[in-house]
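What the coordinates show
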Amino acid sequence: MVHTFYLNGYYIALDVNSGAVHVLDKLCFDLLNKFEDKLPEEFPTEILDELSKEYSREELLEVYSELLELQKAGQLFSEDDYERFTDMMKGAPIKSMCLHISHDCNLRCKYCFASTGDFGKGRKLMPVETGKKAIDFLLTHSGNRHNLELDFFGGEPLMNWDAVKEIVDYARSKEEEYNKKFRFTVTTNGVLLNDDNIDYINKEMKNVVLSLDGRKCVNDNMRLAINGKGSYDVIVPKFQKLVEKRLEGENKEYYARGTFTKNNLDFAQDVYHIADDLGFDQLSVEPVIADPSEPYAITEEDLPTIFAEYEKLAVEMIRRKKEGRCFNFFHFMIDLDQGPCAIKRLRGCGCGNEYVSVTPDGDIYPCHQFVGNDEWKMGNLDDGTLDTEMKDKFACSNIYTKEGCKDCWCKFYCSGGCNANNYSFNKDINKPVKLSCEMERKRVECAIMIKVAMADK
Amino acid sequence: MEHIKTVNNANLKESCAKGGCGECQASCQSACKTSCTVANQECENESRKGNK
Ligand code: SF4
Ligand code: SF4
Ligand code: SF4
């Protein structure tokens, strides 16, 4: 399979199954577009005749032989022979966890998928004992995996901060005995940040996610305090302090992440605001996931505007990169050479298999986005249950089982999208959401184009 | 090549030889989490890195 596209003056061909990216001239692009599958040894006469109306035969033959050469080298119309690896993740250890340390929140963001923090199940903080059991669970279910990930999530984790610290201490005290390394991360809305917890986060957390939507008017339209006031003025100075201190320390990873909705389809402005006005150079601004009936939900008719916005952003980033002063926009980051192995790319996430979420009650769910939906409860820490049938169901979900992914050029970049999103829109983890797919494909095109432009001296 | 410039080394095929070890971060693609495409993830398999 080959995907061709024209973007920002570049004619690009991606050989899907090898991952090779080629930049073509227009003639080559037009010629390649005549073929849906492998090129025959001989240039088919009808196509040659047809293209000869526009291009010289000599050049056409020359280009054809170049394309054939690539094909022989396995860089064009290469085969998809990865299906044999699909079962490899069955029975995988669980090595990553989302710990819902607080099912309570001090903001009332309008688009919150967790029903403003309580996941529809009542406001609750996780007892330390439950957190410790979660650590034990990870230690004993992670098999031979050395690196264990634990994300403190909510609601708002800072509302149960003493528990976080005790749980971190407990986990660290077990590292040596079990020969494991914990990598902690935390996602916060920033409201309760102070000098103490900032220092703690910077010392112990490998990554920290700072939720912020961008311009004040945009942020304060969706991210509201309980009294209905916007949160921007409270959180921005605290985030800035955190990052400033963080960059002096050992754990430097952080990112500011925002959500865009129908109300700010000019979200590139929010990206520039976060980068230029606030000084955060690691950032991501992403489309809201919302029920289509919500007034702020993104719908089909917004796509052309969103695509144009992504393109504008990509072009601006190239300009800045060439000047050596660009921020990192997560959705455009792609590694065309050293990225993950193809086996990793067969599924978008470890949800329900290598990764689980644990609630304040000790209930286990496939991931944070399934929490609160009883149908998807897969176990409990207290009674020691774990539904391995459900685990296998997730282990065996991949780009070959998901509707449309096998034939999608984006499969090794998107890897089949988000199970939870698929379930909430289509009632089936194996049925991707068309709207999300369209945006994902556009982002990957932009990301590839940026690489191409940067290789173009 | 006159008409084609290849910008990377196609290596998805080779990547399987020592791949699938599962040491890398369990990515989440969703808007509320790490949210990067899988293709951006870092490989943590030392033996694969060494063999590039
Ligand atoms: S660490 Fe590398 S080789 Fe191992 S599964 Fe991840 S991407 Fe593949
Ligand atoms: S974009 Fe959609 S169809 Fe394509 S791989 Fe991703 S989820 Fe599957
Ligand atoms: S199902 Fe979606 S939200 Fe859950 S871990 Fe996977 S990508 Fe993330």
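Described below are features of the structure shown in this document.

The rules behind the values
Residues numbered from 1 in each chain as written. Chains lettered and ligands numbered in written order. Predicted model: local features only at pLDDT ≥ 70, side-chain atom pairs only at ≥ 80, totals over all residues. Heavy atoms only, no water. Helix = DSSP H or I, 4+ residues; strand = E, 2+ residues; numbered from the N terminus. Rg over C-alpha atoms; globule rule 2.2 N^0.38 Å. Buried < 20%, exposed > 50% of the residue type's maximum accessible area, 1.4 Å probe, protein only. Areas by Shrake-Rupley, 256 points an atom, 1.4 Å probe, with all protein chains shown as cover. Lys, Arg positive; Asp, Glu negative; His and termini not counted. Charge placed at Lys NZ, Arg CZ, Asp CG, Glu CD. Contact = heavy atoms within 4.5 Å. Buried area = accessible area lost by both parts, 1.4 Å probe. Salt bridge = Lys/Arg side-chain N within 4 Å of Asp/Glu carboxyl O. Polar contact = N/O pair within 3.5 Å; in protein donor to acceptor, adjacent residues only side chain to side chain. Nonpolar A, V, L, I, M, F, W, Y, C, P; charged D, E, K, R; others polar. Pairing = 2+ DSSP bridges. Near = heavy atom within 4 Å. Axes fitted to C-alpha atoms, helices over the stretch in contact; angles between N-to-C directions. Parallel < 35°, antiparallel > 145°, perpendicular 65-115°, else oblique. Left-handed = near helix turned anticlockwise from the far one by under 90°.

Considerations on the overall build of chain A
A count of helical and extended segments in chain A gives 14 helices and 15 strands. Rg of the C-alpha trace for chain A: 24 Å, near the compact-globule value of 23 Å for 457 residues, within the 12% margin. Over its C-alpha atoms, taken along the principal directions, chain A stretches across nearly 75 × 50 × 45 Å. Looking at chain A as a whole, 60% of its 457 residues qualify as buried. On chain A, roughly 18,400 Å² of surface is accessible, and the fraction owed to carbon and sulfur atoms is 48%. Charge centroids of chain A, computed over 59 positive and 79 negative side chains, lie 4 Å from each other.

Details of the overall build of chain B
Scanning chain B for helices and strands turns up two helices and one strand. Taken from N to C terminus, the helices and strands of chain B fall in the order β-α-α. A burial count over chain B gives 62% of its 52 residues as buried. Total accessible area on chain B stands at roughly 2,300 Å², and carbon and sulfur atoms take up 44% of it.

Remarks on the environment of A:Gly279
Topologically, A:Gly279 is positioned in the loop between helix 9 (268-277) and strand 10 (282-287). Among all residues touching A:Gly279, those that are not within four sequence positions of it are A:Tyr254 and A:Ile274.

Side note on the interface of chain B and chain A
Each partner contributes to the interface: chain B provides 42 residues, whereas chain A provides 79 residues. Summing both sides of the interface, chain B and chain A together bury roughly 4,900 Å²; the carbon and sulfur share of this comes to 52%. Run the count over chain B and chain A and you get two salt bridges. Here B:Lys13 ties to A:Asp81 by a salt bridge, and the two come within 3.2 Å at their closest N and O atoms. On the surface where chain B and chain A come into contact, there are 22 residue pairs in polar contact (both at pLDDT 80 or more). At the level of elements, strand 1 (4-6) and helix 1 (12-15) of chain B are the ones that each hand at least two residues to the side of chain B that touches chain A. For the side of chain B that touches chain A, the per-class residue count stands at 16 nonpolar, 18 polar and eight charged. Relative to strand 1 of chain B, strand 3 (residues 20-24) of chain A is paired through three bridges, and the arrangement is antiparallel.

Some remarks on the site of ligand 2
Residues and elements named next belong to chain A. Within the structure, ligand 2 sits among Cys405, Cys408, Lys411, Cys414, Gly416, Gly417, Pro432, Cys437 and Arg441. Put simply, the parts of the chain that give the shell around ligand 2 at least two residues each are helix 12 (411-414) and helix 14 (434-455). Within the shell around ligand 2, the residues separate by chemical class into five nonpolar, two polar and two charged.

Comments concerning unusual backbone geometry
Residue and element names in this part refer to chain A. That bond from Gly154 to Gly155 is cis: its omega, 15°, falls within 30 degrees of zero. In this model, Lys427 sits at a positive phi of 60°, which is unusual for a non-glycine residue. Among the structural elements, Lys427 can be located in the loop between helix 13 (419-426) and helix 14.

A short note on the packing of helix 4 (residues 128-141) of chain A against helix 5 (residues 161-178) of chain A
Residue and element names in this part refer to chain A. Taken N-terminus to C-terminus, the directions of helix 4 and helix 5 make an angle of 25°; their axes are 9 Å apart at the nearest point. Viewed along their axes, helix 4 and helix 5 adopt a mutual orientation that is roughly parallel. At the point where helix 4 passes helix 5, the crossing takes the right-handed sense. For the pair formed by helix 4 and helix 5, the contact residues are Val128, Gly131, Lys132, Ile135, Asp136 and Leu139 on the first element and Ala163, Glu166, Ile167, Tyr170, Ala171, Lys174 and Tyr178 on the second. Looking at the contact of helix 4 with helix 5 residue by residue, the classes come out as eight nonpolar, one polar and four charged.

Quick notes on the site of ligand 1
Among the 11 residues in the neighbourhood of ligand 1, the closest are listed as A:Cys341, B:Cys21, B:Cys24, B:Cys43 and B:Glu44. Residues belonging to the shell around ligand 1 are distributed by class as follows: five nonpolar, four polar and two charged.

Quick word on the sheet that holds strand 1 (residues 2-7) of chain A
Spatially, the four strands line up as an open sheet ordered 1(A)-2(A)-3(A)-1(B), and their pairing is antiparallel. Pairing within the sheet leaves two strands with one partner each, and these edge strands are strand 1 of chain A together with strand 1 of chain B. Direction aside, the axes of adjacent strands within the sheet are offset by 25° on average.

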